[in-house]
Amino acid sequence: MSATMTIRVSEDTLAKLTKIAEGTKRSKSFLAGEAVSAYVERELSIIEGIQRGLTDVKAGRVVPHEQAIAEARQIIAEARRKKAQG
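Please read all numbers here as calculations on a predicted model, not as lab measurements. (Residues numbered from 1 in each chain as written. Predicted model: local features only at pLDDT ≥ 70, side-chain atom pairs only at ≥ 80, totals over all residues. Heavy atoms only, no water.)

1. Some points on the overall build of the chain
And then number 1: In terms of helices and strands, the chain carries three helices and zero strands.
And then number 2: Listing every helix and strand of the chain by position from the N terminus yields α-α-α.
And then number 3: In terms of its C-alpha atoms, the chain occupies a principal-axis envelope of roughly 50 × 45 × 25 Å.
And then number 4: Roughly 8,100 Å² of accessible area belongs to the chain as shown, and the carbon and sulfur atoms make up 58% of that amount.
And then number 5: Taken as two groups, the 15 positive and 11 negative side-chain charges of the chain have centres that lie 5 Å from each other. (Helix = DSSP H or I, 4+ residues; strand = E, 2+ residues; numbered from the N terminus. Areas by Shrake-Rupley, 256 points an atom, 1.4 Å probe, with all protein chains shown as cover. Lys, Arg positive; Asp, Glu negative; His and termini not counted. Charge placed at Lys NZ, Arg CZ, Asp CG, Glu CD.)

Given below as structure tokens:
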């Protein structure tokens, strides 16, 4: 099922969309719909991740910054040692 909506884009964006449509043999409407879908999925994923993080903070499931940096540096140093050993 799909719904129809109207959007406004700059002339530059429309020109680029037209070029893509011609190059892919797809309609501008199809490509715009795909782009909006991809954007919505990506943004929703980001928002949900932030919400999970805030829930973790409220529940006290956090690691102090200094500890996280120390662990990251340890992982990097170990990876460099392994790489140097061949």
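Picking up after the structure, the text goes on.
2. Brief notes about the environment of Glu41
And then number 1: Along the chain, Glu41 falls in helix 2 (residues 28-59).
And then number 2: Put simply, Glu41 and Asp56 are 15 residues apart on the chain and 22 Å apart in space, counted from C-alpha to C-alpha.

3. Describing the pattern of salt bridges
It is possible for side chains of opposite charge to pair when their charged atoms get near one another.
And then number 1: Taken as a whole, this structure holds four salt bridges when the rule is applied.
And then number 2: A salt bridge links Lys16 to Asp12, with the shortest nitrogen-to-oxygen separation between them at 3.1 Å. Residue Lys16 and its partner Asp12 are located together in helix 1 (residues 11-24), separated by four residues, close to a single helical turn.
And then number 3: Across the pair Arg61 and Asp56 runs a salt bridge whose closest N-O atoms are separated by 2.7 Å.
And then number 4: Accessibility expressed as a relative area gives 52% for Arg61, which makes it exposed. (Salt bridge = Lys/Arg side-chain N within 4 Å of Asp/Glu carboxyl O. Buried < 20%, exposed > 50% of the residue type's maximum accessible area, 1.4 Å probe, protein only.)

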